[in-house]
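Residue-level structural notes
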Amino acid sequence: MAEQPLTHVDADGRVRMVDVGDKLATERQARAEGLVRTAPETLAAAASAKKGDVRAAAEIAGIMAAKKTSELIPLCHPLAITKVTIDFAPRQDPTGIHVTAEVKVGGQTGVEMEALTAVSVACLTIYDMVKAVERGMRIEGIRLIEKSG
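Conventions and cut-offs
- Along each chain, residues carry numbers from 1 onward, in the same order as the chain's sequence is written.
- Residues qualify for local features only when their pLDDT is at least 70, as the model is predicted, and side-chain atom pairs are given and counted only at 80 or more; totals for whole chains, interfaces and linings, by contrast, use all residues.
- Side-chain metrics in this entry use all non-hydrogen atoms of the structure; hydrogen atoms and water are not considered.
- Any carboxyl oxygen of Asp or Glu within 4 Å of a side-chain nitrogen of Lys or Arg constitutes a salt bridge here.
- Only protein chains enter the accessibility calculation, which uses a 1.4 Å probe. A residue is then buried if its area is under 20% of the maximum for its type, exposed if over 50%, and partly exposed in between.
- The criterion for strand pairing is that DSSP finds at least two bridges linking the strands in question.
- Helix and strand definitions here come from DSSP, where helices need a minimum of 4 consecutive H or I residues and strands a minimum of 2 consecutive E residues; each element is numbered from the N-terminal end.
- Helix axes are fitted only over the stretch in contact, all axes being lines through C-alpha atoms; the angle between N-to-C directions runs from 0 to 180 degrees.
- Contact definition: two residues touch when any of their heavy atoms are within 4.5 Å.
- Patches draw on residues past 30% relative accessible area with no salt bridge. Two like charges within 9 Å are joined, as are two nonpolar side chains (Val, Leu, Ile, Met, Phe, Trp, Tyr) within 5 Å.
- Computed with the Shrake-Rupley method and a 1.4 Å probe, the accessible areas treat only the protein chains shown as cover for residues.
- By arc we mean the arc of the directions from the helix axis to the C-beta atoms, nothing more.
- In this analysis, the expected span of each helix is defined as 1.5 Å times one less than the number of residues it contains.
- Two N or O atoms form a polar contact when they lie within 3.5 Å of each other; inside protein one atom must be a possible hydrogen donor and the other a possible acceptor, and for residues adjacent in sequence the pair counts only when both atoms belong to side chains.

1. Notes on the pattern of salt bridges
All told, the structure shown has 9 salt bridges when counted by the stated rule. A salt bridge links D128 to K131, with the shortest nitrogen-to-oxygen separation between them at 2.4 Å. What makes D128 partly exposed here is its relative accessible area of 36%. A residue is classified by how much of its surface remains accessible, and K131, at 25% relative accessible area, is partly exposed. Salt bridges sharing partners connect three or more residues here, namely R37, R138 and E140.

So, in structure tokens, the structure goes:
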């Protein structure tokens, strides 16, 4: 694999925000996924959590996280995001909650970091809300699955 230059590091090794000023504004979209791996009992508890609607809390947390990405990751551009969706699906093999996020923007830079941040925070929120049932849960497989624009 050929060595690629890091886009956020200049020739002197200093970090920098990438200049996207000359890029065309286009519709850009990204999807990311992750899994909160749980025991079957925890999955059932998440569906009927007394602490509140786990799905709703995680969905709002993920949306908020996508909107705040540039405040969390130092070299990300602040973006006027046009769409964020967070989806959840129970899984049986392996047991857990599969989380996906889709983010869109009309702009000069992509939204992959926003999608990854949304999934990460949604998974963390699920963990927080059901940790009393199982502290051994694992958040895994967070990755970008699609990017366009």
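Structure's up, so let's keep going.
2. Some words on the pairing of strand β1 (residues 26–37)
Two faces make up the sheet, and in a regular strand the side chains alternate between them. Note that β1 and strand β3 (residues 95–107) share 12 bridges and pair antiparallel. Pairing of T26 across the sheet is with G107, part of β3. Bridge analysis of β1 against strand β4 (residues 138–148) gives 8 bridges, and the strand direction is antiparallel. When the bridges of β4 are listed, A32 appears paired with L144.

3. Some points on the sheet that holds β1
Spatial ordering of the open sheet is given by β2-β3-β1-β4, a layout of 4 strands whose pairing is antiparallel. Taken across any chain shown, the strands that pair with only one partner, and hence form the sheet edges, are β2 (81–92) and β4. This sheet shows a mean twist of 15° between the axes of neighbouring strands, independent of strand direction. When β2 meets β3, the two strands line up antiparallel, connected through 11 bridges. Its bridge partner being in β3, D87 is matched across the sheet by T100. On the sheet, helix α2 (residues 54–67) packs against β2 and β3 and is oriented at approximately 140° with respect to β2. The strands touched by helix α4 (residues 112–130) within the sheet are β1, β2, β3 and β4, with β1 carrying the most contacts at an inclination of about 25°.

4. Points about a nonpolar patch on the surface
A contiguous nonpolar surface patch, about 280 Å² in accessible area, is contributed by L6, V9 and V15. Looking at the element boundaries, V15 is found in the segment before β1.

5. Comments concerning helix α1 (residues 40–47)
Burial in α1 covers these residues: T42, L43 and A46. Projection of α1 onto a plane perpendicular to its axis shows the buried side chains occupying an angular sector of 105°, all on one side. Turned more than 90 degrees away from the buried face of α1, the exposed residues are E41 and A47. Its buried side turned inward, α1 meets α2, β2, β3 and α4.

6. Quick look at α2
With 14 residues, α2 extends 20 Å between its outermost C-alpha atoms, agreeing within 8% with the 20 Å of an ideal straight helix rising 1.5 Å per residue. Buried residues along α2 sit against α1, α3 (69–72), β2, β3 and α4. Measuring from the side-chain oxygen of the N-cap residue of α2 to the backbone nitrogen of R55 gives 3.2 Å; that N-cap residue is D53.

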